[in-house]
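Coordinate inspection notes
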Amino acid sequence: MTIKTIPHFLNGEETNGVGERTQPVFNPATGEQTGELRLADAADLETAVANAKKAAETWGDISLAKRTAVLFKFRELVAAHIDELAQLVTSEHGKVLSDAKGEIGRGLEVVEFACGIPQLLKGAYSDQASTGIDVFSYRQPVGVVAGITPFNFPVMVPLWMAPVAIATGNTFILKPSERDPSASMLLAKLWKAAGLPDGVFQVLHGGKETVDGLLTHPDVDAISFVGSTPIAKYVQATATANGKRVQALGGAKNHAIILPDADLDNAADHLAAAAFGSAGERCMAISVAVAVGSVADALVGKVAERAEAVKVAEGTDPDAEMGPIITAASKERMKGIVTAAADGGADLVVDGRGFTVPGKENGYWFGPTVIDNVGTDMAAYTEEIFGPVLSVVRVETVEEAIELINSNPYGNGTAIFTSSGSNARKFHRGVHVGMIGINVPIPVPVAYHSFGGWKSSLFGDKHIYGEEGVSFYTRGKVITQRWPEPKQHSGASYNFPSTTH
Ligand code: NAD
């Protein structure tokens, strides 16, 4: 098996940079090393930021027509390379090919949204705000943006950020996850092929040191981060202390409430898909099913049937519904959490701890797992497991279910399964969560709304993409203008300017 070198992409070219450190990249389905990732050192970071700063001078001033021409072309190129991108995602992340294509499709939505940037940047004009005075406002790019992204969506999350940042006139440095960095290299090549000038989109690989360098560099103006909660919190605190604007999206513990009036087969189908799809490694995965009243026994039975039927195999297998998890370490961590729940008195209804795929025993496998009667003090409830483990918590009323969600520190996504409009309304108005599904288990908003959680799932004020994304990547300007007719000067007034005359 040949091991490929994965370089940086700086100023329109692949380069190993000057940093000498590297890090292995693995195929989680086989446990084999497939790549050797170059890691940036301080000099590489300086080069990337200097390139981005220089490119921002021209890109920030280029016409909207030229910007959108690049975006339209990029959209076509991503769509044409969807199979190649999906292969890269599956080979390093492990998710099944159809799921990888799904994430690319959701990323493309944001590119399409960004193609409409002229409409979004139109600004506002008030004619004759005061006598002979007009006021108008528009927005300009912030400058250099750095995007730091997680392993679980190696195409979609960078596309939540870069198209909007670039469409609004910024330059963008992507620091992807070290675990599955290859897809971002193809994205960089597609940007270049679309006609994006060198230095506007760059990829710089690295770990904590590189992230710290971006968070503190005086020429980086804004940080978009998506990842786990402790790092999101750290990123926000460090980058704001260094004068940058920051949006830092964190982890999650998403609950779905199932009411006795729900269509149980439909709810069980959706719950299983939301818990085990992508091996539970989605920030919008459902990891807690809150069974209300009499629904619990029947629900657990139906979900268990589905969990046992999930076809787990290497992501390239056309029949696979779920692939491996990301690392051997996360497998061990999950095992510990599930074992502790069982030892603590929860009921292990479906146990995926010993699962393996014949012939691929070195892969990082963990079968779908269902734990019933999970206590809210158990790690299976308190921790973000980020794997194919569904915990069932039983409560008596919808009010109790809402209270449970609101007492959880996370607030990313949640869902309700019901046929009652009034309970659904009580739920969406009452939960302290950013994204809510009503009979929809993974309510990832479409690109023309915006994505973001509450509480420990988002640090910063602005959601990602949508109009909030446009606002995050731009600064407002308001111009008050007067063009006096010759010889009609109004003379000096020493009062505070008033608009009523
Ligand atoms: P992670 O926090 O380990 O890594 C995210 C990024 O931060 C990576 O680029 C990584 O290199 C960098 N990083 C890691 N440790 C760092 C440190 N100590 N200092 C500075 N930078 C560091 O997250 P992950 O394991 O790659 O991704 C999974 C997590 O991301 C889960 O918690 C998941 O819920 C979350 N996530 C959230 C969303 C959302 O929209 N809220 C979306 C996707 C993933």
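Overview of the pattern of salt bridges
Summed over the entire model, instances satisfying the criterion amount to 24 salt bridges. Taking the shortest distance from any N to any O, the salt bridge between Arg394 and Asp372 comes out at 2.7 Å. Here Arg394, found in strand β17 (residues 389–395), pairs with Asp372, found in strand β16 (residues 369–372); they are 22 residues apart in sequence, far enough to count as distant. One continuous salt-bridge network, built from bridges that share partners, spans Asp265, Asp269, Lys302 and Arg306.

Topic: helix α4 (residues 97–115)
With 19 residues, α4 should cover 27 Å at 1.5 Å per step; its first-to-last C-alpha distance of 27 Å lies within 8% of that length. Along α4, the residues classified as buried are Leu97, Asp99, Ala100, Glu103, Ile104, Gly107, Leu108, Val110, Val111, Phe113, Ala114 and Cys115. The inward-facing, buried residues of α4 abut α2 (64–80), α3 (82–93), α5 (117–120), α6 (156–167) and α16 (466–472).

Describing the nonpolar core
Nonpolar side chains in soluble globular proteins tend to end up buried together. Ranked by size, the top nonpolar core spans 69 residues in total, and within it Trp160, Phe201 and Phe451 carry the most contacts. With 10 residues, α6 is the single largest residue contributor to this core. Residue assignment places this core across two domains, with domain 1 (4–250 + 457–478) and domain 2 (254–438) each supplying three or more. Those residues within four positions of Trp160 in sequence are excluded, and the remaining contacts are Val110, Val226, Leu249, Phe451, Ile464 and Tyr465.

Considering empty space enclosed by the protein
Following the criterion strictly, the structure yields 4 cavities of 30 Å³ or more and no others. In this model, the largest cavity occupies a volume close to 100 Å³. Along the walls of the largest cavity sit 15 residues, with Gly280, Arg282, Ala285, Ser287 and Phe386 positioned nearest its centre. Grouping the constituent residues of the lining of the largest cavity by class yields 8 nonpolar, 4 polar and 3 charged. Approximately 50 Å³ is the volume attributed to the second largest cavity. If you trace the second largest cavity, you find it lined by Phe9, Gly12, Ala188, Trp191, Lys192, Leu196, Pro197, Asp198, Gly199 and Phe201. Looking at which element gives the most residues to the lining of the second largest cavity, the answer is helix α7 (residues 182–193), with 3 residues. Among the residues forming the lining of the second largest cavity, the class breakdown is 6 nonpolar, 2 polar and 2 charged.

Description of the site of the ligand
Among the 27 residues in the neighbourhood of the ligand, the closest are listed as Lys175, Glu178, Ser228, Gly250 and Glu384. A distance of 3.3 Å separates an oxygen atom of the ligand from a polar backbone atom of Gly227. Note that an oxygen atom of the ligand is positioned 2.6 Å from one of the side-chain N or O atoms of Glu384. When the free accessible area of the ligand is taken as 840 Å², the share hidden by the protein chains comes to 89%. With respect to the detected pockets, the ligand is housed in the largest pocket. Of all elements in the fold, only α8 (208–216) and β11 (222–226) reach the threshold of two or more residues within the shell around the ligand. Residues of the shell around the ligand, tallied by class, amount to 14 nonpolar, 8 polar and 5 charged.

Topic: the packing of aromatic side chains
Inspection of the entire model under this criterion finds 10 aromatic pairs. For the ring pair Tyr125 and Phe136, a centre distance of 5.7 Å and an interplane angle of 10 degrees mean the geometry is stacked. Of this pair, Tyr125 sits in strand β6 (residues 124–130) while Phe136 sits in strand β7 (residues 133–141); the two residues are 11 residues apart in sequence, bridging distant segments of the chain. Here Phe172 and Phe201 contribute two aromatic rings whose centre-to-centre distance is 6.0 Å and whose plane-to-plane angle is 5 degrees, an arrangement assigned as stacked. In this pair, Phe172 is assigned in strand β9 (residues 171–175) and Phe201 in strand β10 (residues 201–203), connecting sequence segments 29 residues apart. According to the relative accessible area criterion, Phe172 is buried, its value standing at 0%. A network of ring pairs unites the aromatic residues Phe74, Phe172, Trp191 and Phe201 as a single cluster.

A short note on the domain arrangement of the chain
If you check the domain split of the chain, you get domain 1 (4–250 + 457–478) and domain 2 (254–438). At the junction of the two partners, domain 1 supplies 21 residues and domain 2 supplies 24 residues. Remark: the boundary between domain 1 and domain 2 carries 1 salt bridge. A salt bridge links Asp99 to Arg282, with the shortest nitrogen-to-oxygen separation between them at 2.9 Å.

Notes on the pairing of strand β8 (residues 144–148)
Within β8, 5 of the 5 residues are buried, leaving the element largely enclosed by the surrounding structure. Taking every second residue as pointing to the same face, both faces of β8 are buried, with Val144, Ala146 and Ile148 on one and Val145 and Gly147 on the other. Where β8 and β9 come together, 5 bridges link them in parallel fashion. Paired with Gly147 across the bridge in β9 is Leu174. For the crossover that starts at β8, traverses α6 and ends in the parallel β9, the hand is right-handed. Sheet analysis places β8 next to β11, joined by 4 bridges and oriented parallel. Paired with Ile148 across the strands is Phe225, a residue of β11.

Notes on the sheet that holds strand β23 (residues 474–482)
Adjacent strands of a sheet form backbone hydrogen bonds with each other and so pair up, either parallel or antiparallel. Taken in spatial order, the 3 strands of this open sheet run β6-β7-β23, and their pairing is antiparallel. Of all strands in the sheet, those bounded by a partner on one side alone are β6 and β23. Taking each pair of neighbouring strands and ignoring which way they run, the sheet shows an average axis angle of 25 degrees. Bridge count between β7 and β23: 9 bridges; the pairing is antiparallel.

Thresholds applied
Residues numbered from 1 in each chain as written. Predicted model: local features only at pLDDT ≥ 70, side-chain atom pairs only at ≥ 80, totals over all residues. Heavy atoms only, no water. Salt bridge = Lys/Arg side-chain N within 4 Å of Asp/Glu carboxyl O. Helix = DSSP H or I, 4+ residues; strand = E, 2+ residues; numbered from the N terminus. Expected span 1.5 Å × (residues − 1). Buried < 20%, exposed > 50% of the residue type's maximum accessible area, 1.4 Å probe, protein only. Contact = heavy atoms within 4.5 Å. Core = buried A, V, L, I, M, F, W, Y, C linked by side-chain atoms within 4.5 Å. Domains from an automatic or database assignment. 1 Å grid on protein atoms, 1.4 Å probe; cavity = no way out; pocket = protein on both sides within 12 Å on 5 of 7 lines; lining within 4 Å. Points joined across faces, edges and corners; volume = space filled by probe spheres on them. Nonpolar A, V, L, I, M, F, W, Y, C, P; charged D, E, K, R; others polar. Near = heavy atom within 4 Å. Polar contact = N/O pair within 3.5 Å; in protein donor to acceptor, adjacent residues only side chain to side chain. Areas by Shrake-Rupley, 256 points an atom, 1.4 Å probe, with all protein chains shown as cover. Sits in = over half its atoms within 2 Å of the grid points. Phe/Tyr/Trp six-rings, centres within 6.5 Å; stacked < 30°, edge-to-face > 60°. Pairing = 2+ DSSP bridges. Right-handed = clockwise from strand over helix to strand, strands pointing away. Axes fitted to C-alpha atoms, helices over the stretch in contact; angles between N-to-C directions.

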